[in-house]
Amino acid sequence: MKLLRLLSILLLTSGALSSASIAQTHPALKADTATLTPDMSKKQVKPVMLSNLKIGIAGLSHDHVHNVLNQYKQGLVNIVGIAEANKELRARFQKQYQLPDSLFYDDLKKMASERKPDAVLGFNPVAKHIDVVEICAPLGISVMVEKPLAATLTQARRMEFLALKYYIKLLTNYETTWYPSYQHVYNMAANDSLGTIRKIVVHDGHQGPKEIKCSKEFVSWLTDPELNGGGALIDFGCYGADLMTWLMEGQRPIAVTAVARHFKLQAYPKVEDDVSVIIEYPTATGIIEASWNWPFSIKDLEVFGDDGYMHALDNTNIVSRLNQNVSTLKVANNIIPPMDNPISYLQTVLQNRLVGLTDRSSLKYNMMVMVILDAAKRSIAEGKRIVL
């Protein structure tokens, strides 16, 4: 396992590419304009696409869809079809992103059959992710959904069965997957710089989806126990479960204990808004704190080892203390393309340049995430520690 992790790190952090070749394949890296003549600098440079995949969109009600639509507007991705039955929602997005009428379909199956996308991105309610896979898998179309994989473990198992049966990739996208700070912490742990991991602590949360002005369409299903599978546990607890599975090399926990609180009964009457989860491993303990009830937004990661400690404060800044040395603050280096963006990563996986079997987006690891979330739900309902 150590060898596999080291090989993965080499792929992720390799700096062998020249700066010129990197600039040609990644739009975020700009040319040095000081070397351009005045006439050259006036020319409009065509953006370099993140991917040449034909992308389909399933649903527009998840606010994370703005990321890929902004990329489409900039000419960085190729969207060939959007399936969304809500006409009001379609009109709003069409106006905001200047989307042509020809992209829109009421029905995902019709869009997938006619436009034949290479992959479909799911931006619909979590409980509807299974519908996307039911339609796309028999057509041989790979799927990437926004976190988490599914609303229930039963749904996830059906999705896994379909993905394996029809040989498609089924991936899950997390915002934190693209954080350079998290990748740096993982690299240090994989190199045994921290020693044996003993504790992982993950905080993910904010003031609440209504409080931060999420769209009404997003809030309507995010706060529904059936459509989302729960409240803060599903929305934010999945991040910690995914990160712990990644850092612990896919290990199955021994037990899960969870406590849910319901502080905002008027705002969120149907679901919990604050959750604490303890995950027991043979050699380590994981603690997830997920909330819609904090005074500010936070996503951070702490890892304690026998020989050191690292704290990713946000997406770039890291505090570390190794071998009894004083604490140091570091800004993480950028992740090397194509591993720095979900769309370019997706193309890499589909083209088999990256297997994608044991990383944060992989089906294998996200099935373990669903096992953890399911155990947390049962622990909350039964008021006891769930042994796996």
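The structure reproduced in this document is the subject of the present report. Worth saying up front: this structure is predicted, and the values here are computed from it rather than measured.

Looking only at helices and strands, the chain features 13 helices and 15 strands. For the chain, the proportion of its 388 residues judged to be buried stands at 53%. Excluding contacts between residues fewer than 6 apart, the proportion of contacts in the chain whose partners are at least 24 apart in sequence is 71%. As displayed, the chain has an accessible area near 17800 Å², and 54% of this comes from carbon and sulfur atoms.

What follows concerns the pairing of strand E13 (residues 317-322). In this structure, strand E12 (residues 308-312) lies alongside E13, joined through five bridges in antiparallel fashion. Looking at the pairing, Ala 312 lines up with Ile 318 of E13. Between E12 and the antiparallel strand that follows it, E13, lie four residues. As paired elements, E13 and strand E14 (residues 328-331) share four bridges and run antiparallel to each other. Considered in E14, the bridge of Ser 320 is made with Thr 328. Counting the residues that bridge the hairpin from E13 to E14 gives five residues, and of these Asn 323 lies at a positive phi of roughly 50°.

Once that is clear, we can look at the packing of helix H4 (residues 65-73) against helix H5 (residues 87-97). With their axes 10 Å apart at the nearest point, H4 and H5 run at an angle of 40° to one another. Put simply, H4 runs oblique to H5. The chirality of how H4 crosses H5 is right-handed. Counting all contacts with H4, which are made through Val 65, His 66, Leu 69, Asn 70 and Lys 73, the residues of H5 involved are Phe 93, Gln 96 and Tyr 97. Its residues assigned to classes, the contact of H4 with H5 comprises four nonpolar, three polar and one charged.

All right, on to the pairing of strand E5 (residues 142-146) then. Walk down a regular strand and you will see the side chains alternate between the two sheet faces. Burial analysis of E5 places five of its five residues in the buried class, which makes it a mostly covered element. Neither face of E5 is left uncovered, since the one carrying Ser 142, Met 144 and Glu 146 and the one carrying Val 143 and Val 145 both have all their residues buried. Bridge count between strand E4 (residues 119-122) and E5: four bridges; the pairing is parallel. Its bridge partner being in E5, Leu 121 is matched across the sheet by Met 144. For the crossover from E4 across helix H7 (residues 129-136) to E5, the handedness is right-handed. Of the strand pairs in this sheet, E5 and strand E6 (residues 170-173) are connected by four bridges, and their pairing is parallel. Along E6, the bridge assignment pairs Val 145 with Thr 172. Chirality of the crossover, the property in question, places the unit of E5, helix H8 (residues 153-165) and E6 among those that are right-handed.

Cut-offs applied
Residues numbered from 1 in each chain as written. Predicted model: local features only at pLDDT ≥ 70, side-chain atom pairs only at ≥ 80, totals over all residues. Heavy atoms only, no water. Helix = DSSP H or I, 4+ residues; strand = E, 2+ residues; numbered from the N terminus. Buried < 20%, exposed > 50% of the residue type's maximum accessible area, 1.4 Å probe, protein only. Contact = heavy atoms within 4.5 Å. Areas by Shrake-Rupley, 256 points an atom, 1.4 Å probe, with all protein chains shown as cover. Pairing = 2+ DSSP bridges. Axes fitted to C-alpha atoms, helices over the stretch in contact; angles between N-to-C directions. Parallel < 35°, antiparallel > 145°, perpendicular 65-115°, else oblique. Left-handed = near helix turned anticlockwise from the far one by under 90°. Nonpolar A, V, L, I, M, F, W, Y, C, P; charged D, E, K, R; others polar. Right-handed = clockwise from strand over helix to strand, strands pointing away.

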